[in-house]
Structure formats: structure tokens, C-alpha cells
Amino acid sequence: MRLATKNSVLGIGLFLPALAFFLVLLAYPLAAAILLSFNNVDTLTLSSRYVGLANYWGRLADPEFLSALVNIFHLRCRHVDAAGGDWCGDRATSAPRILFSITGAGLFCSRTCSPPLSPCFVWRWLFNDLYGFLNFALLGLGVVDKPVDWLGRMPNAFVSVIFVSTWKFFPFVVIAVLARLQSIPDYLYEAAIMDGASKWALFWDVTLPQLRSVLSVVILLRVIWDFKEFDMIYLLTGGGPGHGTETLPLMLYKLAFPLSQMGKASAIGVFMLVIMLLVIVPYFRFTDVGGEERTR
């Protein structure tokens, strides 16, 4: 057997385990979910009935689905609270969280930091309106005159979820940005200072361009993580009050398991896949691995 043939056989042998892994754990579940989304399935009898695109049109016409989609990006502006009043305002997006993390990285630059880890039920205890520490502290300081319902009323529940989400990913973003900050050559700052650059000019013309690559990766990961966020919202609010903090992963879970509507749940999963492709593909089209914009 020739050397080229031996190398080809070896390459195929090394490739087959990865191919099997892809087919069993990725391709087959994805294909099964897509096929399932075109059917109504009875989970008790395992019988199915083909309904075509009905599950998709039904989701697009469902106000709860559209609300859950918008909630993922924290952009919904209007909500009627328990008192009947309208609450309007822009939701926190990834941008202010990342800027907050950049500030934290700058403060901790040249130091070490370890991310705190705490389960979501601790936050639920902190936010509890009857015996939570947050209300206890605010009442003790005289900031409020009665306990605040942090998780059972809008917009408090949404603000609480955003706060915990920011805390959850703050260490990762800080460490990523901090690592890049510490690798920026000092001569770039020295040259800028010799040219009379101000502190703002140092940040805008030296620091920020050097952070472009890591910020590209961080922003992409934050979008993906925000889009698939489930456990934190499920443990904190369960999607409530009402559907105020419900997102697509939480709606998918409720349809698939408590309601046993697997076809509708699969349709939501396909919608999520398409939306993420629409976000990720253009992102990689205009931003390469090094963070530099493509010129073509």
C-alpha cells in the first residue's frame, strides 16, 4: 500500500469518530426536531398528525411568542403593570453590560480577580418581598417604607432579571477584557502621550481599537447566551408575572413538557435556530476572527 493511500485511510479513520459524533448528537436531533415541527404529536399514544406550516403560522400569530422573542433582547417598551399603569422605557441590552464590564476591567487592570459563583436560589432569597435581605436593608436604611415585590410585579421583575444576568456574566467579560488590556503594548500609550493625547483620546484612539477583537467575541457570546437563557429566568420568575419575563426557551419548555405540545415546541426551536443564523452569519461576514472589518 502506498504512503498516500495509508495517509488517506488514516485520515478517514480519524475523521469517522467526529462524523459519528456530529450525526448522532447534532444532525439527527436537528432533523428530528424539524420534522416534528410539521406535526401535532400525542405524547401519550406517540401518534402524530401532519399539519404542515400550521405550527409556524400559529406561533407568528401568537402575541405571547412575539412578546417572548422581544423579551430575549430586552427591547419591549410597553407593559401594563398590576396597577393598570403603563411602564415605558428601553430595556438594558448587551451594550451597557459590556461597557460596565470594560469599566470593571479597567479598574482591576494589573490585579487579579476571581468571579463569584452563587446559585440563582440565593438571588431569589435576596429578592424575596417578605424575608429577603434586600428589602430588609432598604427598610433599615429608610430608602423604602414598605417591602418591594421584586419578582412578582413588573417592571421590578424584569429589572431584577437584567441585574442578575449582568452579574452572572460580568466576571467572564471582565477577565476577557482585562487579559486584552494587559497585553496592549506600552509604547502605544507613550507615543500618544508624547503627541499630546488626552485621557479620553488614549481610550478612544488606543485602547478601544485594541479591544476590538475581544469585544467582537464577547458581544457574539453575550447575544448567544442571552438568546438561550433559561435556568436563571426559570428559577427567578418562571417567566412571570404573567408572561412579563418569559423568553423563547422558557416558552419552548412549557409547550414541550407541561403541555406536551411537541410540534409547537419544535417550531419554536426551529425559529430560534433561524434567528441565531440570521444574527451570527452577518456577524462573521463583517467581522473576522481578529476583529478587523472586512474590506471586501
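Here we come to the packing of helix α8 (residues 186-194) against helix α9 (residues 199-210). Their axes nearest at 10 Å, the elements α8 and α9 cross at an angle of 160°. With respect to each other, α8 and α9 are oriented roughly antiparallel. Considering how the two elements wind past one another, α8 and α9 form a crossing that is right-handed. In this structure, α8 uses Leu188, Tyr189, Ala192 and Ile193 to contact α9, whose residues at the interface are Leu202, Val206, Thr207 and Gln210. A class-by-class count of the residues in the contact of α8 with α9 yields six nonpolar, two polar and no charged.

Our focus in this paragraph is the packing of α9 against helix α10 (residues 212-227). Two elements in contact, α9 and α10, have axes whose closest approach is 5 Å; the angle formed by their N-to-C orientations is 55°. In terms of their interaxial angle, α9 and α10 are classed as oblique. Contacts between α9 and α10 involve Leu208, Pro209 and Gln210 from the former and Arg212, Ser213 and Leu215 from the latter. Across the contact of α9 with α10, the residue classes tally to three nonpolar, two polar and one charged.

A separate point is the nonpolar core. Within the largest apolar cluster, 17 residues are counted, with the highest numbers of intra-cluster contacts made by Phe65, Phe227, Leu248, Met251 and Ile268. Broken down by secondary-structure element, the contributors of at least two residues to this core are α3 (63-72), α12 (248-256) and α13 (262-286). Apart from the residues lying within four places of it in its own chain, the contact partners of Met251 are Glu64, Phe65, Ala68, Glu246 and Ile268. Ranked by size, the runner-up nonpolar core spans 14 residues in total, among them Leu126, Phe127, Leu138 and Val164.

For the rest of this paragraph, the subject is a nonpolar patch on the surface. Together, Ile12, Phe15, Leu16, Leu19, Phe21, Phe22, Leu23, Val24, Leu25 and Leu26 make up an exposed nonpolar region whose accessible area comes to about 960 Å². Relative to the helices and strands, Phe22 is located in helix α1 (residues 3-36). The exposure class assigned to Phe22 is partly exposed, which follows from its relative accessible area of 41%.

So, on to the pairing of strand β1 (residues 39-42). Along β1, the buried face is formed by Asn39 and Val41; none of Asn40 and Asp42, which line the opposite face, is buried. Linking β1 back to strand β2 (residues 47-50) in an antiparallel pair, the connection comprises four residues, with Leu46 at a positive phi of about 60°.

So, about the pattern of salt bridges. Using the criterion set out here, one finds four salt bridges in the structure. Here Arg222 and Asp226 are joined by a salt bridge, their closest N and O atoms 3.1 Å apart. Taken together, the positions of Arg222 and Asp226, both in helix α10 and four residues apart, correspond to about one turn of that helix. Taken individually, Arg222 and Asp226 each receive the classification buried, so the pair is uniform in this respect. Salt bridges sharing common partners tie together Lys168, Glu229 and Asp231.

So, on to the packing of aromatic side chains. Evaluation of the coordinates by the stated rule reveals 16 aromatic pairs. Considering the side-chain rings of Phe65 and Phe271, the 5.3 Å spacing of their centres and the 50° angle between planes classify their relative orientation as tilted. Residue Phe65 is found in helix α3, and its partner Phe271 is found in helix α13; the two are separated by 206 residues along the sequence. For Phe271, a relative accessible area of 16% translates into the label buried.

Attention now moves to α10. The terminal C-alpha atoms of α10 lie 22 Å apart, and with 16 residues this matches the ideal 22 Å at 1.5 Å per residue to within 8%. Within the span of α10, buried status applies to Val214, Leu215, Ser216, Val218, Leu220, Arg222, Asp226 and Phe227.

With that out of the way, let us pick up the environment of Phe163. Within the element layout of this structure, Phe163 appears in helix α7 (residues 156-182). The exposure class of Phe163 is partly exposed, given its relative accessible area of 46%.

Looking now at the environment of Gly239. Tracing the sequence through the fold places Gly239 in the loop between α11 (231-236) and α12. Since its relative accessible area comes to 0%, Gly239 is described here as buried. In contact with Gly239, not counting residues within four places along its chain, are Ile233, Gly244, Thr245, Glu246, Leu250 and Lys254.

So, how was this worked out
Residues numbered from 1 in each chain as written. Predicted model: local features only at pLDDT ≥ 70, side-chain atom pairs only at ≥ 80, totals over all residues. Heavy atoms only, no water. Axes fitted to C-alpha atoms, helices over the stretch in contact; angles between N-to-C directions. Helix = DSSP H or I, 4+ residues; strand = E, 2+ residues; numbered from the N terminus. Parallel < 35°, antiparallel > 145°, perpendicular 65-115°, else oblique. Left-handed = near helix turned anticlockwise from the far one by under 90°. Contact = heavy atoms within 4.5 Å. Nonpolar A, V, L, I, M, F, W, Y, C, P; charged D, E, K, R; others polar. Core = buried A, V, L, I, M, F, W, Y, C linked by side-chain atoms within 4.5 Å. Buried < 20%, exposed > 50% of the residue type's maximum accessible area, 1.4 Å probe, protein only. Patch = residues over 30% accessible without salt bridge, like charges linked within 9 Å, V, L, I, M, F, W, Y side chains within 5 Å. Areas by Shrake-Rupley, 256 points an atom, 1.4 Å probe, with all protein chains shown as cover. Salt bridge = Lys/Arg side-chain N within 4 Å of Asp/Glu carboxyl O. Pairing = 2+ DSSP bridges. Phe/Tyr/Trp six-rings, centres within 6.5 Å; stacked < 30°, edge-to-face > 60°. Expected span 1.5 Å × (residues − 1).

All quantities given are derived from atomic positions and should not be read as evidence of function.
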